Amino acid sequence: MSNHVVIIGGGAAGLSAALFASRAGARVTLLEKNEKFGKKLYITGKGRCNMTNDCTTEEFLTNVPRNPRFLYSALRCLSPQDLQALMNSLGCKTKVERGQRVFPESDHASDVSRAFLDGLKGQGLKLGVEVKEILYENGRAAGVRVQDAMGERCIAADAVIVATGGLSYPVTGSTGDGYRMAEKAGHTLLPSVPSLVPLNIRESWPRQLMGLSLKNVALSAAARGKTRFSEQGEMLFTHFGISGPLVLTLSSALAREDWSKVSLSLDMKPALSEKQLDDRLLREFAANPRRQLQNVLPALLPSRMAEIFPALCGMDGHMGVSQISAAQRQKLVQTLKALPMSVVSPRGFEEAIITCGGVQVKEIDPSTMMSRKVPGLYFAGEVLDVDAYTGGFNLQIAFSTGALAGNAAAGYQP
């Protein structure tokens, strides 16, 4: 007789767990409290769903700042290449774009969840069902107590998979339900903080540049006297501070830092040394001896930034370039290479792509995703304390841990 597997949460991890449990011969009941499955999938990759990254396992794990080794078995169960093959077999054609990011060929996130649901026809897919608690019998998970339009009832199961997500984008239903269930089962939770999230900046000048996007700049962060982050890429100024790919990666790398002790430095010209930049300024000044500083700087900076940049160096933008001293020129160079900013705080979970924190992975068997504390209880996806940078890595983690949990809960022996 086949195992009955109940899965709590119909997002990426839950859909994957349901499909793999079903294919391994289990009877599946997938419970989702929202009005549709895969709600968070619809907003990932700006609605296009960056489902994975077409890279090797080694490359993948370098993009996982916390607990990467925990994922070896999950990625062996469902690698990025396996996921692409699976999606194609389910009728969702995929394509690889810049940075090895993988999307549905149609650019519609809905095609990803539809592919999983098509693969689950005939199984128990239930929407609008809230799980009140996990039931236990003789020390193991034995089902769930649920509430829906028909009232409260209990559903017996041989295994329960918690795939409820974290706290990011709570409008999609990620409200920490899984954390409460894990804690009740005796699991340790690591504090949850927003990750892959924009940053509030103390200084007022970034707000003056709201909407300005910078490319090929370098952002560095130091904490307790050490450089903790330094990367080149794109960023964006906003009404509260800074955002964009570089900033999101920084927020993930330093997710558990005390942000009040973090100092940021923006290098506007990472390809040039201070000497090369000084030579460039001298050439610009020599070619435009009668012009004002603010009118020469657009040769080096976006025009909106050029307007406010002299003030950031403690200088008057109306100064004629012929009046600028060597010391003032040096100040311009130093600020171009290291414009300081101070972080007030990350933005909230409403704007965070992912949650850092969750169920401590030491308490989960990485070869099955089963709890080391409660037999028959499994965890998959963002509820676990594993998160990664942008580029499709977080969704792949959800799909892979879900696949492994689904297989194991169904009793599948590879």
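Look up: the structure comes first, before these words.
The structure presented is a predicted model; accordingly, all values stated were derived computationally and were not measured. (Residues numbered from 1 in each chain as written. Predicted model: local features only at pLDDT ≥ 70, side-chain atom pairs only at ≥ 80, totals over all residues. Heavy atoms only, no water.)

Quick look at the nonpolar core
Here comes step 1: Core analysis: the biggest nonpolar cluster contains 81 residues, and Val144 and Phe399 have the highest contact counts within it.
Here comes step 2: Residue contributions to this core peak at ten residues, all from helix α13 (residues 393-409).
Here comes step 3: Among all residues touching Phe399, those that are not within four sequence positions of it are Ala12, Ser16, Leu41, Met51, Leu78, Leu83, Val112 and Phe116.
Here comes step 4: Leu293, Met305, Met315 and Leu339 belong to the second largest nonpolar core, which has 46 residues in total. (Core = buried A, V, L, I, M, F, W, Y, C linked by side-chain atoms within 4.5 Å. Buried < 20%, exposed > 50% of the residue type's maximum accessible area, 1.4 Å probe, protein only. Helix = DSSP H or I, 4+ residues; strand = E, 2+ residues; numbered from the N terminus. Contact = heavy atoms within 4.5 Å.)

Looking at helix α6 (residues 177-184)
Here comes step 1: For α6, the complete set of buried residues consists of Asp177, Gly178, Tyr179, Met181 and Ala182.
Here comes step 2: A positive backbone phi angle near 95 degrees is found at Gly186, which sits one or two residues after α6.

A look at the packing of aromatic side chains
Here comes step 1: Enumeration over the complete set of coordinates arrives at three aromatic pairs.
Here comes step 2: Aromatic side chains Phe60 and Phe393 sit 5.1 Å apart centroid to centroid with 75 degrees between the ring planes, which places their arrangement in the edge-to-face category. Residue Phe60 is found in helix α2 (residues 57-62), and its partner Phe393 is found in helix α13; the two are separated by 333 residues along the sequence.
Here comes step 3: According to the relative accessible area criterion, Phe60 is buried, its value standing at 0%.
Here comes step 4: Here the aromatic rings of Phe116 and Phe399 are separated by 5.3 Å at their centres, their planes lie at 10 degrees, and the arrangement is stacked. With Phe116 in helix α5 (residues 110-119) and Phe399 in helix α13, this residue pair connects regions lying 283 residues apart in the sequence.
Here comes step 5: For Phe116, a relative accessible area of 0% translates into the label buried. (Phe/Tyr/Trp six-rings, centres within 6.5 Å; stacked < 30°, edge-to-face > 60°.)

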